[in-house]
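Structural characterization, general
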Amino acid sequence: MPGNHARINALLRKSLIGELLDTQFYLFSIRSKREGSVTNLQALYANDEALTADSEYFSNLLSEETPNDSTVVEFQDYHACEAGISLDEYGYASDSDLDEEEEEEIDETAQDNEKCTEVSAERASRTALIKDFATKGARRVTIIPNRRVLVTDTAFNTWQALLDYLYTDEIVFAPLRSQASKSARRRSLGKAPPCSPKSMYRLACKIKDDKLQAKALAAIRSSLTEHNVLQELSSSLTSRFPTILDMEIEILFQNIVTPTVMKDFPTLIQRIASADLPHGADILTKLHERMLRQHYPKTLSLAPASESENKCNDSPPSGLFKFNWEEPRKPVAVSWT
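Since the structure is predicted, the reported quantities are computational estimates derived from the model, not experimental observations. Each chain has its residues counted from 1, following the order in which its sequence is written. The predicted nature of this model means local features are confined to residues of pLDDT at least 70 and side-chain atom pairs, given and counted, to a pLDDT of 80 or more, with totals for whole chains, interfaces and linings taken over all residues. Only heavy atoms go into the side-chain values, all of them from the structure, while hydrogens and water stay out.

Looking only at helices and strands, one finds 13 helices and 10 strands in the protein. Throughout, exposure labels follow a simple rule: accessible area from a 1.4 Å probe, protein chains only, divided by the maximum for the residue type, with under 20% read as buried, over 50% as exposed, and the rest as partly exposed. The buried share among the 337 residues of the protein stands at 38%. By definition in these notes, contact holds between two residues if any of their heavy atoms fall within 4.5 Å. Considering only contacts in the protein between residues 6 or more positions apart, those separated by 24 or more positions represent 71%. Here the Shrake-Rupley method, with its probe set to 1.4 Å, supplies the accessible areas, and only the displayed protein chains count as covering residues. As presented, the protein carries roughly 20,600 Å² of accessible surface, and 54% of it is formed by carbon and sulfur atoms. Each helix corresponds to a stretch of at least 4 residues labelled H or I by DSSP, and each strand to a stretch of at least 2 residues labelled E; elements are numbered beginning at the N terminus.

In this structure, Phe25, Phe58, Trp159 and Leu162 are the most contacted members of the largest nonpolar core, which totals 62 residues. Beyond its immediate chain neighbours, meaning those up to four positions away, Phe25 contacts Gln42, Ala43, Leu44, Ala46, Leu51, Phe58, Leu61, Leu62, Val149, Val151, Trp159 and Leu163. Grouping buried Ala, Val, Leu, Ile, Met, Phe, Trp, Tyr and Cys residues that are joined through side-chain atoms within 4.5 Å yields what is termed a nonpolar core.

Tracing the backbone through its elements, the reader meets Glu100 in strand β5 (residues 99-100). For Glu100, a relative accessible area of 32% translates into the label partly exposed. Taking C-alpha positions, Glu100 is 6.5 Å from Ser32, a pair spaced 68 residues apart along the chain. Filtering out sequence-adjacent residues up to four positions away, Glu100 remains in contact with Ile30, Arg31, Lys33 and Arg177.

Our next topic: the pairing of strand β6 (residues 147-155). Of all 9 residues that make up β6, 9 are buried, and the element is covered over most of its length. Only strands that DSSP links by at least two bridges are regarded as paired with each other. Bridge count between strand β1 (residues 23-32) and β6: 6 bridges; the pairing is parallel. Across the sheet, residue Gln24 finds its bridge partner in β6, namely Arg148. Inspection of the sheet shows strand β3 (residues 72-74) paired to β6 by 3 bridges, in the antiparallel sense. Across the sheet, residue Val72 finds its bridge partner in β6, namely Val151.

Once that is clear, we can look at the pairing of β1. When a strand is regular, its side chains alternate between the sheet's two faces. Within β1, 9 of the 10 residues are buried, which leaves it mostly tucked inside the rest of the structure. Note: β1 against strand β2 (residues 37-46), 9 bridges, orientation antiparallel. Counted as the bridge partner of Gln24 is Tyr45 from β2. Counted between consecutive antiparallel strands, the loop separating β1 from β2 contains 4 residues, among which Gly36 sits at a positive phi close to 65 degrees.

Another aspect to go through is the packing of aromatic side chains. Two aromatic rings, drawn from Phe, Tyr or Trp (for Trp, its six-membered ring), form a pair once their centres lie within 6.5 Å of each other, and the interplanar angle then sorts them: stacked below 30 degrees, edge-to-face above 60, tilted otherwise. Going through the model one piece at a time under the given rule, you end up with 6 aromatic pairs. On the numbers, 6.1 Å between centres and 80 degrees between planes, the contact of Phe25 with Phe58 is edge-to-face. Note that Phe25 is positioned in strand β1 and Phe58 in helix α3 (residues 56-63), a separation of 33 residues in sequence. Arranged with centres 5.4 Å apart and planes meeting at 55 degrees, the rings of Phe25 and Trp159 form a pair that is tilted. Taken together, the residues Phe25 in strand β1 and Trp159 in helix α6 (residues 156-168) connect sequence positions 134 residues apart. Put simply, the rings of Phe25, Tyr57, Phe58 and Trp159 pair up and form one aromatic cluster.

Let's shift gears to the pattern of salt bridges. For this analysis, a salt bridge means a side-chain nitrogen from Lys or Arg found within 4 Å of a carboxyl oxygen belonging to Asp or Glu. Inspection of every chain in the model, using the stated rule, returns 13 salt bridges. Among the salt bridges present, the one from Arg147 reaches Glu74, with a minimum N-O distance of 2.7 Å. In this pair, Arg147 sits in strand β6 while Glu74 sits in strand β3, placing the two residues 73 residues apart along the sequence. Asp246 serves as the salt-bridge partner of Lys286, at 3.3 Å between the closest nitrogen and oxygen. Residue Lys286 is found in helix α13 (residues 280-295), and its partner Asp246 is found in helix α11 (residues 242-254); the two are separated by 40 residues along the sequence. Looking at Lys286, the relative accessible area reads 10%, which means it is buried. For Asp246, a relative accessible area of 33% translates into the label partly exposed. A single network of salt bridges, built from pairs that share partners, joins Arg31, Glu100 and Arg177.

Given below as structure tokens:
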């Protein structure tokens, strides 16, 4: 924590002379199920020195003229993705950190035209102001370049929580949606912004932050119960990360005879049988392995896990195992007298 306080103090001092903000990040914040897209860009402002101090990902990202991450693109006055991108392009359709679009009966055409007019006028005014200031005030004030980038695969809420974590080393996770919690996410400048642990786990794997990844994984595990483990086992995130699959299989096995699991388990099997889950075979394989380890520990010898299964990996999980078969004992002759 002392290092974080020193970093924050340095940022505050920089703010006094206008050297605080280096990069603007733009991210989508709303999911439109009706349009099948993510929309509503929002901006976050960050200091490069604070982000690169402990993050190799941001050190590489912000040191290059062209971002080395294909999901991060330079964002000038306009970009083709500004209006939104499809959920497929976004890459995580069930992202819990995206807010749902409100369904309203409005004249969308009129609203869009009005919005475009306002945006165009704002851009023209901003451009004229910057040019005027740069011409008249260049001799009096040093203008600090400000980079603007568009992040196309992460929600605004998740990225905000990440930047806050890099600044303060604090992270707050919201309940899983499968927990049926109706508590609203409170956003306050005095507290760390909450985010989905699943969304943050995905992002932590992308930026290769092992510490943050472990925190998110622990939050997911602590949120799993007999009431939501089957739902989480069916999620798209589980299909992409073997570590999460293994963890959820363990929780399922611990609750396998609870009333809720016994009632809902046939539904899971039906979904797997109908090819509704791309990782259905992996679920059954992992569950079978867990049962063998529990009831036949001497017979089953698990093959060494591949390196990818011990780390973040969005490739399909694998369930490699082998049997050490023992010859059955010969029957003992018994003589009756």
